[in-house]
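Reading the structure
So you can see what is in the structure, the chains are spelled out below.
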Amino acid sequence: MKVSVSFLKYQNSKEETIKKIMATHADYIHVDIMDGLFVEAKNDDLDEFIHLLKDSKKPLDIHLMVASPKEYIDKLKILNPEFITIQAEILNPLVYLKQIKSYNIRAGLAINPDTDINIINNYLNYLDLVLIMSVYPGMGGQKFIPQVTKKIKMIPRDKLLVSIDGGINDETIKIVRDDVDICVSGSFVCMSEDYEKQLEKLLT
Ligand code: DX5
Ligand code: ZN
């Protein structure tokens, strides 16, 4: 299992948090972007994200919690991300999955806790990753919703990577560790004093 660290919640500055993640063995940096429409919160200053992440040594795992991803994808492709994930609940996800793939970026679909996992069957030809949301999107530091793990066995694991996002810590990871390819962890890592130690706890 790989670990993708989210810096939505942090202690001092975003810059310092990103620097500290870079110094760990994390596999990816998970970049949460919110538009104030799909979710209430808004943090979509893309120039700032590009400035902060343009020299990233770690592959980027971008999670767009936005209603209309087109311009976000167009702008963020300059960062050469490993994945761009959009939300399944927006209008016409297929258009954006095709857009992501046209840039040779791996495409992900995030599935909110109340969304039927069978929705992925409409997009299988354009999908590389399914991101199971284990909290309602919009903020870090929420409690893991265990019921969502039932969805994992409905995903064709031979075709798609499975990631889980929200409320992952050294206890909740035990529920999913054997069943996912990637786990996203935010506050468990970034609200601690020793990021590397927290990562080790997720992996052992
Ligand atoms: C939730 C975000 C998550 C979140 C993870 O809206 O998509 O990536 O930041 O943070 P924790 O691990 O604190 O739930
Ligand atoms: Zn996320």
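As the structure is a computational prediction, the values presented were derived from the model and not from experiment.

Right, let's talk about the environment of Asp-35 for a bit. Along the chain, the position of Asp-35 falls in the loop between strand 2 (28-34) and helix 2 (46-53). For the pair Asp-35 and Ser-68, spaced 33 residues apart in sequence, the C-alpha to C-alpha distance is 8.9 Å. Other than its neighbours up to four places away in sequence, Asp-35 contacts Ala-41, Lys-42, Asp-44, Met-65, Val-66, Ala-67, Ser-68 and Tyr-72. In this structure the side chain of Asp-35 is engaged in a polar contact, spanning 2.8 Å, whose partner is the backbone nitrogen of Leu-37.

The element strand 3 (residues 60-65) is extensively covered by neighbouring structure, given that six of its six residues are classed as buried. Residues Leu-60, Ile-62 and Leu-64 line one face of strand 3 and the alternating positions Asp-61, His-63 and Met-65 line the opposite face, and both faces are buried. Examined bridge by bridge, strand 2 and strand 3 share six bridges and lie parallel to one another. Across the sheet, His-30 pairs through a bridge with Asp-61, a residue of strand 3. Between the parallel pair strand 2 and strand 3, the chain is carried across by helix 2, and the sense of this crossover is right-handed. Bridging between strand 3 and strand 4 (residues 83-87) involves four bridges; their strand directions are parallel. Bridge pairing links His-63 to Thr-85 in strand 4. For the crossover that starts at strand 3, traverses helix 3 (residues 70-76) and ends in the parallel strand 4, the hand is right-handed.

Inspection of every chain in the model, using the stated rule, returns nine salt bridges. A salt bridge links Lys-70 to Asp-74; its shortest N-O distance comes to 3.3 Å. One end of the pair, Lys-70, and the other, Asp-74, are both in helix 3, four residues apart, so they sit about a helical turn from each other. Assessed through its relative accessible area of 43%, Lys-70 is described here as partly exposed. When its relative accessible area of 25% is taken as the criterion, Asp-74 is described as partly exposed. The partner of Lys-174 in a salt bridge is Glu-171, with the nearest N and O atoms 3.2 Å apart. Glu-171 carries the same exposure label as Lys-174, and that label is exposed.

Before going further, it helps to examine the nonpolar core. Ile-33, Leu-53 and Leu-64 are the most contacted members of the largest nonpolar core, which has 57 residues in total. Among the elements that line this core, the one with the most residues is helix 2, at five residues. Those residues in contact with Leu-53 that lie beyond four places of it in its chain are Phe-7, Ile-18, Ile-29, Val-31, Leu-60 and Leu-79. Residues Ala-110, Leu-131, Val-135 and Val-184 belong to the second largest nonpolar core, which totals five residues.

Rules behind the numbers
Residues numbered from 1 in each chain as written. Chains lettered and ligands numbered in written order. Predicted model: local features only at pLDDT ≥ 70, side-chain atom pairs only at ≥ 80, totals over all residues. Heavy atoms only, no water. Helix = DSSP H or I, 4+ residues; strand = E, 2+ residues; numbered from the N terminus. Contact = heavy atoms within 4.5 Å. Polar contact = N/O pair within 3.5 Å; in protein donor to acceptor, adjacent residues only side chain to side chain. Buried < 20%, exposed > 50% of the residue type's maximum accessible area, 1.4 Å probe, protein only. Pairing = 2+ DSSP bridges. Right-handed = clockwise from strand over helix to strand, strands pointing away. Salt bridge = Lys/Arg side-chain N within 4 Å of Asp/Glu carboxyl O. Core = buried A, V, L, I, M, F, W, Y, C linked by side-chain atoms within 4.5 Å.

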